[in-house]
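# Analysis of the macromolecular model
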Amino acid sequence: MKQFEVEAEQSGEQLTLRFSGFLNEEADFTQIPESQAQNVALNLEQLEGSNSLGLKKWISWITPVSQTAQITIEKAPPEIVNQMSILSGFVPKGAKVSSIFVPYYCDSCGHEENILFENGSGFVTGTAATKPGYRIDDRPCTQCGADAEADVLPEAYFKFLFQK
Ligand SMILES: [Zn+2]
């Protein structure tokens, strides 16, 4: 299990944090530099998973950050999207989710692949004027060309879109 790490990159008003490893009770959030950035992007692509103590730490870290900065969550892998949908508060109020991975499975050849869904194409977050929603299509398998299907229960997987 890879240790939890955060790589920070500050550029003007934008702070980008790249998370990697396993989010558990040993996750050290003090390695994240103090920043006055108004926009904080969280790239979760390399997060490998989490447990309940790690998720608690995540929420105690992210809640105050979300009160002073606009948070954008990028490239959340399936294990993390499941938590986003189960645990209210993983995505704090007012945060944007710009992209997530959806696992696909090909019945013909058994190939598994995570497909990146962008906000605005595969799913949309609601605004004051619009409703959230998602759209899952079959995709050609990159190995054999047959139709690959999303390997999730959409109502459960995309529940994070409907949290208030
Ligand atoms: Zn295939």
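Regarding its fold elements, the protein presents 3 helices and 11 strands. The N-to-C order of helical and strand elements in the protein reads β-β-β-α-β-α-β-β-β-β-β-β-β-α. For 164 residues, the compact-globule estimate of 2.2 N^0.38 gives 15 Å, and the C-alpha radius of gyration of the protein, at 16 Å, lies within 12% of that figure. Looking at the 164 residues of the protein, the share that counts as buried comes to 25%. Long-range contacts, defined as pairs at least 24 residues apart, comprise 67% of the intrachain contacts of the protein with a sequence gap of at least 6.

A few words now on the environment of Ser50. Looking at where Ser50 falls in the secondary structure, it is placed in strand β3 (residues 39-50). Note: C-alpha distance between Ser50 and Phe22 (28 residues apart in sequence) is 5.7 Å.

A few words now on the sheet that holds strand β10 (residues 139-140). With respect to topology, 4 strands assemble into an open sheet ordered β7-β6-β11-β10, the strand pairing being antiparallel. Every other strand in the sheet has two partners, leaving β7 (112-118) and β10 as the edge strands with one partner each. Two elements, strand β6 (residues 99-106) and β7, share 7 bridges in a ladder whose sense is antiparallel. In the sheet register, Phe101 faces β7, and the bridge partner there is Leu116.

Strand order in the open sheet formed by 5 strands is β1-β2-β3-β4-β5, and the pairing between neighbours is mixed. Among the strands making up the open sheet, the edge pair consists of β1 (5-11) and β5 (96-97). Note that β3 and strand β4 (residues 70-74) share 5 bridges and pair parallel. The partner of Asn43 across the bridge, within β4, is Glu74.

Further remarks concern unusual backbone geometry. Within the chain, Lys75 stands out as a residue other than glycine whose phi angle is a positive 55°. Following the sequence through the fold, Lys75 ends up in the loop between β4 and α2 (78-86). Here Lys75 falls in the partly exposed class, since 19 other C-beta atoms lie within 10 Å of it.

All right, on to the pairing of β3 then. Pairing geometry for strand β2 (residues 14-23) and β3, over 9 bridges, is parallel. Counted as the bridge partner of Thr16 is Ala41 from β3. Between β3 and its parallel partner β4, the chain crosses via helix α1 (residues 52-68), and the hand of that crossover is right-handed.

The tendency in soluble globular proteins is for nonpolar side chains to be buried side by side. The biggest cluster of nonpolar side chains holds 35 residues, and the ones touching the most others in it are Val40, Leu42, Leu44, Ile73, Ala76 and Met84. Those elements that place two or more of their residues in this core are β2, β3, α1, β4, α2 and β6. Ignoring anything within four residues of it in the chain, the contact list for Leu44 reads Phe19, Ile73, Glu74, Lys75, Ala76, Pro77 and Ile80.

The rules we used
- Per chain, residues are indexed from 1 in the order of the written sequence.
- Where totals are concerned, whole chains, interfaces and linings use all residues; where local detail is concerned, this predicted model gives features only for residues with pLDDT of at least 70, and gives and counts side-chain atom pairs only at 80 or more.
- Helical segments are the DSSP runs of H or I of at least four residues, strand segments are the runs of E of at least two, and each set is numbered from the N terminus.
- Computation of the radius of gyration draws on C-alpha atoms, with the globule rule given as 2.2 Å multiplied by the number of residues to the power 0.38.
- For the exposure call, what matters is how many other C-beta atoms sit within 10 Å of a residue's own: 20 or more marks it buried, 12 or fewer exposed, and in between partly exposed, using C-beta atoms placed from the backbone.
- The contact criterion used is a C-beta to C-beta distance within 7 Å, with each C-beta placed from the backbone.
- For two strands to pair, DSSP has to find at least two bridges joining them.
- By the criterion used throughout, a crossover qualifies as right-handed when its path from the first strand across the helix to the second strand runs clockwise, the strands pointing away from the viewer.
- Note on definitions: a nonpolar core is a set of buried residues drawn from Ala, Val, Leu, Ile, Met, Phe, Trp, Tyr and Cys, linked by C-beta atoms within 7 Å.

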